[in-house]
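Coordinates in review
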Amino acid sequence: MSDTVSADSIKAQMPHPSLTRIKGEPTHKQVKIVLRELTANLMAVSCPWGHDKGHLGLLQDPVIYEARNGAPFTIPAAEPPAYPVVPVGATAPQREELRATNAAARKAWTTYRLVLAITRDQFAAAIDDVYYAVLDDPIEGLNGVDLRMLTTHILSTYAQISQPDMDANMAEFNIGMDPILPLAVYTRKQEKCQVFASDAGVPISEATMVTTGTKHALATGNMTLAWREWRRRPVADHTWHHWKTHWTAAFAEMRDINRMTTAESNFGANAAEEEAQGRQIATSLEHLANASIQKNATIDQLVATNAQLMQALESLHASMARMFPNGSPLPALAPGSPWVPPASAPPATGTESPRPAHWGPTKPDWDKHGYCWTHGYKVKLGHTSTTCQSRRHGHQAGATRSNRMGGSRVNEGYPGPLLAIAASDAPK
């Protein structure tokens, strides 16, 4: 393996050969655009100690880098030797392995030095030199300045962040998480707020990231077990990197539990619906059997009743003919005469079923748009999943026609054409 690395080969790997030019005094917004491009360039060039983030550690704050990656960006203390130290008595394969390891280390070191110089010069070229003149030595130039030193100087000296912007950033940081969304949406928001606060000179510590995230996770509900497991972990593991791993798994498990619970609720609703249909069929068959047994007696009774009605009608015709001969009209009611309504039947007592609490003085009509999780689509006005007085196990009070929540499908389609409802299915 050759340890020869050129600046041109490094630049060819970077997606932004030149960064967006800032004219005049740089603002925070302009500098952040340049830093995003610089970040892409640094991550594009691999580094054996870069934790799959390339050379991002040359730019990112060391505290933030370690919190996000679980380990620091550790640069070797010195350049590897030109030739490896081969112990006496080493075998040929061992010598070859030592040479290959040393060659890889020298290539990584050379790449690191080139990346540092290239990205520093790229950032300097994007900003007028008057704004970093204090770092630009008349003889050495920027050779004694690393990338993070240069960017920190520009951010802290010119790209100032106002107090209202800091307050708005902290307000955003303290907004909790939405358990419906992936946890990565929340962690990305928190990390952006942390970077902004660092740029403003009021950094958010890793401990604050962890404690705030834990508080927000508990606020979503049903996370007590995950919280207990988190508390039992060693204090050394209470890092932001470990927090993301632990709570990402916890929220994934909770989503699985919710999906299974929903499936069981739907299964229970379908079973209840099948049971109700079975009761309707049994009732219909029972009525049919009774009708078959009583058919002859009923027909005989109907014939006798019809004969009596015909006889009464003939008597009534004869009486009318005697009272109003020659087709004279019926007498009109005298003006001012009171009208006496027919006497109503006295109310039944002792055998009536209690009226539902949501009914008024009169029996309500059917609700053409109503729905109840337990009783289905054909319910009386005022009868909803919320007001239902006879709920099955698993009843969902928020169920509606547009969102059944796994509820009953009895009489689905009402008020369309429906079969006659058996007495046992009529609303109580």
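In case you missed it, the structure is sitting above this.
The notes below deal with the structure included here.

Thresholds, definitions, all that
- Residues numbered from 1 in each chain as written.
- Predicted model: local features only at pLDDT ≥ 70, side-chain atom pairs only at ≥ 80, totals over all residues.
- Heavy atoms only, no water.
- Helix = DSSP H or I, 4+ residues; strand = E, 2+ residues; numbered from the N terminus.
- Buried < 20%, exposed > 50% of the residue type's maximum accessible area, 1.4 Å probe, protein only.
- Areas by Shrake-Rupley, 256 points an atom, 1.4 Å probe, with all protein chains shown as cover.
- Contact = heavy atoms within 4.5 Å.
- Salt bridge = Lys/Arg side-chain N within 4 Å of Asp/Glu carboxyl O.
- Phe/Tyr/Trp six-rings, centres within 6.5 Å; stacked < 30°, edge-to-face > 60°.
- Patch = residues over 30% accessible without salt bridge, like charges linked within 9 Å, V, L, I, M, F, W, Y side chains within 5 Å.
- 1 Å grid on protein atoms, 1.4 Å probe; cavity = no way out; pocket = protein on both sides within 12 Å on 5 of 7 lines; lining within 4 Å.
- Points joined across faces, edges and corners; volume = space filled by probe spheres on them.
- Nonpolar A, V, L, I, M, F, W, Y, C, P; charged D, E, K, R; others polar.
- Polar contact = N/O pair within 3.5 Å; in protein donor to acceptor, adjacent residues only side chain to side chain.

1. Focus: the overall build of the chain
Along the chain, the regular secondary structure elements total 10 helices and two strands. Along the chain direction, N to C, the helices and strands of the chain fall in the order α-α-α-α-α-α-α-α-α-α-β-β. Residue burial in the chain is summarised as follows: out of 428 residues, 30% are buried. For the chain, the exposed area adds up to about 27,300 Å²; of that, 58% sits on carbon and sulfur atoms.

2. Some thoughts on the side chain of histidine 395
Residue placement: histidine 395 occurs in the segment after strand 2 (379-380). For histidine 395, a relative accessible area of 14% puts it in the buried group.

3. Structural notes on the environment of leucine 142
With respect to the helices and strands, leucine 142 occurs in the loop between helix 4 (92-125) and helix 5 (147-157). Looking at leucine 142, the relative accessible area reads 12%, which means it is buried. In this structure the C-alpha to C-alpha distance between leucine 142 and alanine 117, which are 25 residues apart in sequence, comes to 9.1 Å. Other than its neighbours up to four places away in sequence, leucine 142 contacts Arg120, Ala124, Tyr132, Leu135 and Asp136.

4. Brief notes about the pattern of salt bridges
For the structure on display, the rule yields nine salt bridges. Glutamate 191 serves as the salt-bridge partner of arginine 68, at 3.9 Å between the closest nitrogen and oxygen. Here the residue arginine 68 occupies a position in helix 3 (residues 62-69), and glutamate 191 occupies one in helix 7 (residues 183-199), the gap between them amounting to 123 residues. The same class applies to arginine 68 and to glutamate 191, which are both buried. Arginine 106 serves as the salt-bridge partner of glutamate 79, at 3.7 Å between the closest nitrogen and oxygen. Within this pair, whereas glutamate 79 is found in the loop between helix 3 and helix 4, its partner arginine 106 is found in helix 4, the two being separated by 27 residues in sequence.

5. Re the packing of aromatic side chains
Across all of its chains, the model carries nine aromatic pairs by this definition. For the pair tryptophan 49 and tyrosine 112, a centre-to-centre distance of 6.3 Å together with 70° between the ring planes defines the contact as edge-to-face. With tryptophan 49 in the loop between helix 2 (28-44) and helix 3 and tyrosine 112 in helix 4, this residue pair connects regions lying 63 residues apart in the sequence. On the basis of relative accessibility, which here comes to 14%, the residue tryptophan 49 falls in the buried class. Classification of tyrosine 112 by relative accessible area gives buried; the value is 8%. Each ring, one from tryptophan 240 and one from tryptophan 243, has its centre 5.0 Å from the other, and the planes form 10°; the classification is stacked.

6. Details of a nonpolar patch on the surface
Taken together, Ile180, Leu181 and Val185 make up a surface patch of nonpolar side chains, about 280 Å² in accessible area. Mapping isoleucine 180 onto the fold places it in the loop between helix 6 (163-173) and helix 7. Judged by relative accessible area, which is 71%, isoleucine 180 ranks as exposed.

7. So, the environment of lysine 368
Here lysine 368 shows up in the loop between strand 1 (366-367) and strand 2. Distance from lysine 368 to proline 415, taken between C-alpha atoms, is 5.7 Å for residues 47 residues apart in sequence.

8. Quick word on the environment of arginine 95
Relative to the assigned elements, arginine 95 resides in helix 4. Taking relative accessible area as the criterion, arginine 95 reaches 30% and is therefore assigned partly exposed. Arginine 95 sits 10 residues away from valine 85 along the chain, and the two C-alpha atoms are 9.2 Å apart. Those residues in contact with arginine 95 that sit more than four places away from it in its chain are Val86 and Ala90.

9. Describing the layout of surface pockets
Of the pockets and cavities examined, the largest pocket occupies roughly 1,000 Å³. Around the largest pocket sit 38 residues that line it, and Lys32, Leu35, Val195, Phe196 and Asp199 are the ones nearest its centre. Every element with two or more residues in the lining of the largest pocket is listed here: helix 2, helix 3, helix 5, helix 6 and helix 7. In terms of residue count, the dominant contributor to the lining of the largest pocket is helix 7 (nine residues). Tallied by class, the residues present in the lining of the largest pocket amount to 14 nonpolar, 11 polar and 13 charged.

10. Let's talk about unusual backbone geometry
Looking along the chain, the bond that leaves tyrosine 414 and enters proline 415 is cis, with omega of 15°. Locating proline 415 in the fold gives a position in the segment after strand 2.

11. Observations concerning helix 5
Taken together, the buried positions of helix 5 are Leu147, Leu150, Thr151, His153, Ile154 and Leu155. If you follow the buried residues of helix 5, they end up packed against helix 2, helix 4 and helix 7. Where helix 5 begins, one side-chain oxygen reaches toward the backbone nitrogen of arginine 148, 3.4 Å away; that side chain belongs to aspartate 146.

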